[in-house]
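Spelled out, the chains give:
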Amino acid sequence: MARRALTENVVKLTRQAVTDARVEPGQGERTVWDAEVRGLGLRVRASGSKTWVIRPPRSGGRSKLFTFGTADTLSLAQARQGALSRLAQAQLGDDPHEVRKAARAAARATLGTLIKDYLPVAKARLKPRSYENVERALERQLVKLHERPASELTRSEIYKELV
(Lines give C-alpha, C1' and ligand atoms only; values in the text may rest on other atoms or scores of the structure.)
Protein backbone atom coordinates (compact mmCIF):
# COMPACT_ATOMS: atom_id res chain seq x y z
CA MET A 1 0.00 0.00 0.00
CA ALA A 2 1.32 3.44 -0.87
CA ARG A 3 2.38 5.71 1.98
CA ARG A 4 0.50 8.73 0.67
CA ALA A 5 -3.26 8.59 0.53
CA LEU A 6 -5.04 9.23 -2.73
CA THR A 7 -6.65 12.68 -2.83
CA GLU A 8 -10.16 11.20 -3.20
CA ASN A 9 -9.58 9.29 0.05
CA VAL A 10 -8.69 12.41 2.05
CA VAL A 11 -11.80 14.28 3.16
CA LYS A 12 -12.92 16.34 6.10
CA LEU A 13 -14.76 13.65 8.00
CA THR A 14 -18.20 14.60 9.27
CA ARG A 15 -20.93 12.47 10.80
CA GLN A 16 -22.61 12.34 7.42
CA ALA A 17 -19.36 11.41 5.64
CA VAL A 18 -18.84 8.55 8.12
CA THR A 19 -22.39 7.32 7.53
CA ASP A 20 -22.07 7.60 3.73
CA ALA A 21 -18.61 6.02 3.43
CA ARG A 22 -18.73 3.00 1.11
CA VAL A 23 -16.30 0.85 -0.85
CA GLU A 24 -16.23 1.03 -4.62
CA PRO A 25 -17.62 -1.99 -6.50
CA GLY A 26 -14.94 -4.65 -6.69
CA GLN A 27 -12.97 -3.31 -3.71
CA GLY A 28 -12.58 -5.33 -0.54
CA GLU A 29 -11.86 -2.34 1.67
CA ARG A 30 -11.12 1.36 1.53
CA THR A 31 -9.59 3.76 4.01
CA VAL A 32 -10.91 7.31 4.11
CA TRP A 33 -8.44 9.67 5.78
CA ASP A 34 -9.45 12.69 7.84
CA ALA A 35 -8.19 16.03 6.54
CA GLU A 36 -8.51 17.56 10.01
CA VAL A 37 -6.51 15.03 12.09
CA ARG A 38 -3.60 13.78 10.06
CA GLY A 39 -3.14 10.05 10.61
CA LEU A 40 -6.79 9.27 11.47
CA GLY A 41 -8.73 7.15 9.05
CA LEU A 42 -11.96 5.25 8.69
CA ARG A 43 -11.53 1.76 7.24
CA VAL A 44 -14.64 0.67 5.38
CA ARG A 45 -14.97 -2.96 4.35
CA ALA A 46 -17.19 -4.55 1.70
CA SER A 47 -19.15 -6.23 4.51
CA GLY A 48 -20.19 -2.76 5.71
CA SER A 49 -18.08 -2.70 8.87
CA LYS A 50 -16.36 0.59 9.67
CA THR A 51 -13.40 0.83 12.02
CA TRP A 52 -11.26 3.75 13.14
CA VAL A 53 -7.57 3.42 12.36
CA ILE A 54 -4.48 5.52 12.85
CA ARG A 55 -1.22 5.41 11.00
CA PRO A 56 1.46 6.59 13.42
CA PRO A 57 4.57 8.26 12.02
CA ARG A 58 7.24 5.92 10.78
CA SER A 59 9.71 4.61 13.30
CA GLY A 60 12.68 2.95 11.68
CA GLY A 61 10.90 2.58 8.35
CA ARG A 62 7.87 0.76 9.78
CA SER A 63 4.42 2.11 9.15
CA LYS A 64 1.45 0.04 10.27
CA LEU A 65 -2.22 0.78 10.71
CA PHE A 66 -3.54 0.53 14.25
CA THR A 67 -7.25 -0.18 14.78
CA PHE A 68 -8.79 1.29 17.91
CA GLY A 69 -12.56 1.14 17.65
CA THR A 70 -15.59 0.85 15.44
CA ALA A 71 -17.68 3.67 14.03
CA ASP A 72 -20.68 2.14 15.81
CA THR A 73 -19.11 2.48 19.27
CA LEU A 74 -16.98 5.63 18.88
CA SER A 75 -18.31 8.91 17.55
CA LEU A 76 -16.22 11.04 15.22
CA ALA A 77 -15.32 13.41 18.07
CA GLN A 78 -14.25 10.49 20.29
CA ALA A 79 -12.24 8.98 17.44
CA ARG A 80 -10.45 12.29 16.82
CA GLN A 81 -9.67 12.68 20.51
CA GLY A 82 -8.44 9.09 20.79
CA ALA A 83 -6.37 9.43 17.63
CA LEU A 84 -4.71 12.61 18.84
CA SER A 85 -3.67 10.99 22.12
CA ARG A 86 -2.43 7.79 20.43
CA LEU A 87 -0.54 9.75 17.78
CA ALA A 88 1.04 11.89 20.50
CA GLN A 89 2.14 8.74 22.33
CA ALA A 90 3.62 7.43 19.08
CA GLN A 91 5.52 10.71 18.62
CA LEU A 92 6.99 10.20 22.09
CA GLY A 93 8.23 6.76 21.10
CA ASP A 94 5.45 4.41 22.22
CA ASP A 95 4.51 1.83 19.62
CA PRO A 96 0.74 1.25 19.93
CA HIS A 97 1.14 -2.35 18.75
CA GLU A 98 3.72 -3.08 21.45
CA VAL A 99 1.61 -1.36 24.12
CA ARG A 100 -1.38 -3.53 23.15
CA LYS A 101 0.77 -6.69 23.10
CA ALA A 102 2.15 -5.93 26.57
CA ALA A 103 -1.36 -5.34 27.95
CA ARG A 104 -2.57 -8.65 26.51
CA ALA A 105 0.46 -10.49 27.90
CA ALA A 106 -0.12 -8.99 31.34
CA ALA A 107 -3.75 -10.10 31.24
CA ARG A 108 -2.70 -13.65 30.29
CA ALA A 109 -0.14 -13.93 33.10
CA THR A 110 -1.89 -16.10 35.66
CA LEU A 111 -0.55 -16.81 39.10
CA GLY A 112 0.16 -20.40 38.05
CA THR A 113 2.35 -19.34 35.10
CA LEU A 114 4.24 -16.88 37.27
CA ILE A 115 4.85 -19.58 39.89
CA LYS A 116 6.20 -21.96 37.22
CA ASP A 117 8.61 -19.22 36.08
CA TYR A 118 9.63 -18.34 39.63
CA LEU A 119 10.30 -21.77 41.14
CA PRO A 120 13.46 -22.60 39.10
CA VAL A 121 14.92 -19.23 40.07
CA ALA A 122 14.00 -19.79 43.71
CA LYS A 123 15.56 -23.26 43.70
CA ALA A 124 18.88 -21.82 42.60
CA ARG A 125 18.82 -19.04 45.20
CA LEU A 126 17.31 -20.63 48.31
CA LYS A 127 18.53 -23.25 50.72
CA PRO A 128 16.83 -26.63 50.19
CA ARG A 129 14.55 -26.43 53.25
CA SER A 130 13.52 -22.84 52.43
CA TYR A 131 12.77 -23.82 48.86
CA GLU A 132 10.54 -26.68 50.03
CA ASN A 133 8.54 -24.26 52.19
CA VAL A 134 8.15 -21.76 49.35
CA GLU A 135 7.21 -24.48 46.87
CA ARG A 136 4.61 -25.94 49.22
CA ALA A 137 3.05 -22.53 49.85
CA LEU A 138 2.91 -21.62 46.17
CA GLU A 139 1.96 -24.99 44.70
CA ARG A 140 -0.41 -26.38 47.33
CA GLN A 141 -1.81 -23.54 49.39
CA LEU A 142 -2.47 -21.17 46.50
CA VAL A 143 -3.81 -23.81 44.11
CA LYS A 144 -7.28 -22.17 44.06
CA LEU A 145 -5.76 -18.99 42.67
CA HIS A 146 -3.52 -20.53 39.97
CA GLU A 147 -5.95 -19.83 37.09
CA ARG A 148 -6.63 -16.22 38.08
CA PRO A 149 -4.82 -13.38 36.29
CA ALA A 150 -2.06 -12.19 38.59
CA SER A 151 -2.91 -8.55 37.94
CA GLU A 152 -6.37 -9.05 39.49
CA LEU A 153 -5.23 -10.71 42.72
CA THR A 154 -5.19 -8.74 45.95
CA ARG A 155 -3.02 -9.23 48.99
CA SER A 156 -6.03 -10.10 51.09
CA GLU A 157 -7.03 -12.95 48.74
CA ILE A 158 -3.54 -14.41 48.88
CA TYR A 159 -3.40 -13.97 52.66
CA LYS A 160 -6.70 -15.82 53.12
CA GLU A 161 -5.37 -18.81 51.19
CA LEU A 162 -2.09 -18.92 53.11
CA VAL A 163 -3.61 -18.67 56.58
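Residues numbered from 1 in each chain as written. Predicted model: local features only at pLDDT ≥ 70, side-chain atom pairs only at ≥ 80, totals over all residues. Heavy atoms only, no water.

(A) Fine view of the environment of Gln27. Take Gln27: it is sitting in the loop between α1 (15-20) and β2 (29-34). Taking C-alpha positions, Gln27 is 8.3 Å from Arg45, a pair spaced 18 residues apart along the chain. Here the side chain of Gln27 touches Glu24 through a polar contact of 2.9 Å, landing on its backbone nitrogen. (Helix = DSSP H or I, 4+ residues; strand = E, 2+ residues; numbered from the N terminus. Polar contact = N/O pair within 3.5 Å; in protein donor to acceptor, adjacent residues only side chain to side chain.)

(B) Quick peek at the side chain of Thr51. Within the secondary structure layout, Thr51 lies in strand β4 (residues 50-54). Each residue touching Thr51, except ones within four places of it in the same chain, is listed here: Gly41, Leu42, Arg43, Thr67, Gly69, Thr70 and Ala71. (Contact = heavy atoms within 4.5 Å.)

(C) A look at the pairing of β2. Across the six residues that make up β2, a large majority, five, are buried. Pairing geometry for strand β1 (residues 10-11) and β2, over two bridges, is parallel. Within β2, the residue paired with Val10 across the bridge is Trp33. Two elements, β2 and strand β3 (residues 40-45), share five bridges in a ladder whose sense is antiparallel. Following the sheet pairing, Thr31 is matched in β3 by Arg43. (Buried < 20%, exposed > 50% of the residue type's maximum accessible area, 1.4 Å probe, protein only. Pairing = 2+ DSSP bridges.)

(D) Main features of the sheet that holds β4. The strand order β1-β2-β3-β4-β5 describes an open sheet built from five strands, whose pairing is mixed. Both edges of this open sheet fall to β1 and β5 (66-70), since each of them pairs with a single strand only.

(E) Expanded view of the packing of helix α4 (residues 111-125) against helix α5 (residues 128-141). Viewed as axis vectors pointing N to C, α4 and α5 meet at an angle of 175 degrees, and their least axial separation amounts to 10 Å. It follows from the interaxial angle that α4 and α5 lie roughly antiparallel. Contacts between α4 and α5 pair Ile115, Tyr118, Leu119, Ala122 and Lys123 from the former with Tyr131, Val134, Glu135, Leu138 and Glu139 from the latter. In terms of residue class, the contact of α4 with α5 is made up of seven nonpolar, no polar and three charged. (Axes fitted to C-alpha atoms, helices over the stretch in contact; angles between N-to-C directions. Parallel < 35°, antiparallel > 145°, perpendicular 65-115°, else oblique. Nonpolar A, V, L, I, M, F, W, Y, C, P; charged D, E, K, R; others polar.)

(F) Layout of the environment of Pro96. Within the secondary structure layout, Pro96 lies in helix α3 (residues 96-108). Separated by 28 residues in the primary sequence, Pro96 and Phe68 place their C-alpha atoms 9.7 Å from one another. Apart from residues lying up to four places away in sequence, Pro96 is in contact with Pro56 and Phe66.

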